[in-house]
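# Examination of the molecular architecture
The chain contents come next:
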Protein chains: 2
Amino acid sequence: MNAIQEIFLKMFSRFPEEAIIQFANAFSEKKLKKGDFLLQEGQICRDLVFILNGNMMCYYLKDGKRYIDEFSLDYEFITDYTSFIYQSTTDKYIECLEDCVIYTLSYERMNALYDLPHQPFDRLGRMMAEQIYLQWHEKSKSLLMDDATERYLKLINKRPYLSQRVPQYLIAEYLGIAPESLSRIRKSLTNTKV
Amino acid sequence: MNAIQEIFLKMFSRFPEEAIIQFANAFSEKKLKKGDFLLQEGQICRDLVFILNGNMMCYYLKDGKRYIDEFSLDYEFITDYTSFIYQSTTDKYIECLEDCVIYTLSYERMNALYDLPHQPFDRLGRMMAEQIYLQWHEKSKSLLMDDATERYLKLINKRPYLSQRVPQYLIAEYLGIAPESLSRIRKSLTNTKV
């Protein structure tokens, strides 16, 4: 059993083993270098991507300003799901912050799985879509109501190692605050813990 | 054929007619009065709801402040999908701004449909989850990057009648601006059109 099969079997443990092996086998391994782009504005997102090891940053450019949308690290799926579902052009950039080993599943292969009769892939797709919705719902709620400290806590609570892997100036940019303000937030949180 | 069957057949035209009739028949009609709550913080969202006629406002309360999240009108689905999927307590309020005629599908009935063998309900659920994701992805992008004018345009472009049905002070509150600022935005947009 290879790494991706093992990970997916744990991740989708509610599904029959042979379906998950089939799902895992539909992915292809690829390697990207730090600074490479998985996706750039104007392209079509052809693949659903699972990061085995690595670190990617998603952002938009608007009127010359960059808006960082998300960081994705080991064992996370990443894609512009809108562009993927509709095979429409994206306005998103996905850039590697480290060398990455990824597994990709093309739109055509994903749909071929969906179309297999009497298989649980539509259910798997439903549950993945529900999970992705959930992330964006939480994100949208946070953007609506939370201040920078709360957004910082939400960012690192889920992935405490993130602040060791993503440069502080990018985390500050994600939060829409100056790097000095992020230092103050981190200091006040450390003091609170003591 | 009743109203809800006809609407769903148009809405889900890619699916077999008899499956959609079965889906529509799983819904129950209910009536709510202006000021009634479909959902309040601490409750569990038991139903997926389709609004036949009506107007509802979703919001959160945090530290005594209200954050309006969305307005939903005729022919739209509304739910706290997170609370619905996980049958967990919600932190959302959904309040009727007008008398409403709604169709509800309970969590149990939805799952009974998903579990029917060789039926397209998982695919239907996947496509609904993808649509809901899409809305929240757009919303989150807009909260990240757009100013009040752009958010106003996105709100009314999709539903031009919304500004006739939702009081201006609530639209201003949704945008996080003073009612006078909304008047200025509307005036400048009218002038631009001329």
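Residues numbered from 1 in each chain as written. Chains lettered and ligands numbered in written order. Predicted model: local features only at pLDDT ≥ 70, side-chain atom pairs only at ≥ 80, totals over all residues. Heavy atoms only, no water.

### A short note on the interface of chain B and chain A
Stated precisely, the cut-off is as follows: Contacts are residue-level and defined by heavy atoms, with any inter-residue pair within 4.5 Å sufficient. For any pair of parts, buried area is found by adding up, for both, the accessible area (1.4 Å probe) each one loses once the two are put together. Just to be clear on terms, a salt bridge is a Lys or Arg side-chain nitrogen sitting within 4 Å of an Asp or Glu carboxyl oxygen. For this analysis, a polar contact is any N or O atom pair within 3.5 Å, provided that within protein one partner can donate a hydrogen and the other can accept it, and provided that sequence-adjacent residues contribute only side-chain to side-chain pairs. Think of it this way: any DSSP run of H or I at least four residues long counts as a helix, any run of E at least two long counts as a strand, and we number them from the N terminus. Under this grouping Gly is polar, as are all residues other than the nonpolar Ala, Val, Leu, Ile, Met, Phe, Trp, Tyr, Cys and Pro and the charged Asp, Glu, Lys and Arg.
With 35 residues of chain B in contact, the opposing surface of chain A contributes 35 residues. For the chain B and chain A pair, buried surface summed over both sides reaches about 3500 Å², with 58% attributable to carbon and sulfur atoms. Of all residues in chain B, Tyr133, Leu144 and Met145 of chain B give up the largest surface area on contact with chain A, accounting jointly for 19% of the area buried on that side. Across the chain B-chain A interface, the total number found is twelve salt bridges. Glu150 of chain B is the partner of Lys62 of chain A in a salt bridge, and the nearest nitrogen-oxygen pair spans 2.9 Å. At the junction of chain B and chain A, the tally comes to 27 residue pairs in polar contact (both at pLDDT 80 or more). Looking at the side of chain B that touches chain A, the element that brings in the most residues is helix 5 (residues 121–145) of chain B, giving 18 residues. A class-by-class count of the residues in the side of chain B that touches chain A yields 15 nonpolar, six polar and 14 charged.

### Comments concerning the confidence of the model for chain A
Heads up, the rule is: pLDDT is a per-residue confidence score from the predictor, ranging from 0 to 100.
When pLDDT is averaged along chain A, the result is 95, and 99% of the positions lie at 70 or above. For this predicted complex, the interface confidence reaches an ipTM of 0.91, while the overall pTM sits at 0.93.

### Remarks on the sheet that holds strand 6 (residues 76–78) of chain B
All names here are of chain B. Selection rule: Two strands form a pair only when DSSP identifies at least two bridges running between them. An axis is simply a line fitted to the C-alpha atoms; with a helix, the fit covers only the stretch in contact. Between two such axes, the angle follows the N-to-C directions and lies from 0 to 180 degrees.
The strand order 1-8-3-6 describes an open sheet built from four strands, whose pairing is antiparallel. At either end of the open sheet lies a strand with only one pairing partner, and these are strand 1 (28–32) and strand 6. Neighbour-to-neighbour, the strand axes of this sheet turn through a mean angle of 35°, independent of strand direction. The pairing of strand 3 (residues 47–53) with strand 6 spans three bridges and is antiparallel. Its bridge partner being in strand 6, Val49 is matched across the sheet by Ile78. Running over the sheet, helix 4 (residues 107–114) touches strand 1, strand 3 and strand 8 (100–106) and is turned about 55° from strand 8.

### Digging into the environment of Pro16 of chain B
All names here are of chain B. The condition that has to hold: Using a 1.4 Å probe on the protein chains alone, a residue whose accessible area is under 20% of its type maximum counts as buried, one over 50% counts as exposed, and one in between counts as partly exposed.
By the element assignment, Pro16 lies in the loop between helix 1 (3–11) and helix 2 (17–25). The class of Pro16 is partly exposed, set by a relative accessible area of 45%. Separated by 103 residues in sequence, Pro16 and Gln119 have C-alpha atoms that sit 9.6 Å apart.

### Brief notes about the pattern of salt bridges
Inspection of the entire model under this criterion finds 36 salt bridges over all chains. Among the charged side chains, a network of salt bridges with common partners joins Asp115 and Asp122 of chain A together with Arg123, Arg126 and Glu130 of chain B.

### A closer look at the packing of aromatic side chains
What describes a pair of aromatic rings is the distance from one ring centre to the other and the angle between the planes of the rings. Heads up, the condition is: Centres within 6.5 Å are what make two rings of Phe, Tyr or Trp a pair, Trp counting through its six-membered ring; a difference in plane orientation under 30 degrees is then read as stacked, over 60 as edge-to-face, and the rest as tilted. Only when the NZ of Lys or the CZ of Arg is both within 6 Å of the ring centre and within 35 degrees of the ring normal is a charge said to sit over the ring.
A full pass over the atoms with the stated rule returns 30 aromatic pairs over all chains. Ring centres of Phe37 of chain A and Tyr93 of chain A lie 6.2 Å apart, and the angle between their planes is 70°; on these two criteria the pair is classed as edge-to-face. With Phe37 of chain A in strand 2 (residues 37–39) and Tyr93 of chain A in strand 7 (residues 93–96), the pair connects residues that are 56 residues apart, well separated along the chain. You can call Tyr93 of chain A buried: its relative accessible area is 13%. Relative to Tyr174 of chain B, the ring of Phe71 of chain B lies with its centre 5.6 Å away and its plane at 45°, an arrangement referred to as tilted. Of the two residues, Phe71 of chain B is situated in strand 5 (residues 65–73) and Tyr174 of chain B in helix 8 (residues 168–175); the sequence distance between them amounts to 103 residues. The same class applies to Phe71 of chain B and to Tyr174 of chain B, which are both buried. Joined through ring pairs, the aromatic side chains of Phe8, Phe12, Phe23, Phe27, Phe50, Tyr75 and Phe77 of chain A make up one cluster. For the cation-ring pair, Arg151 of chain A lies above Tyr174 of chain A, with the distance from its terminal atom to the ring centre recorded as 4.8 Å.

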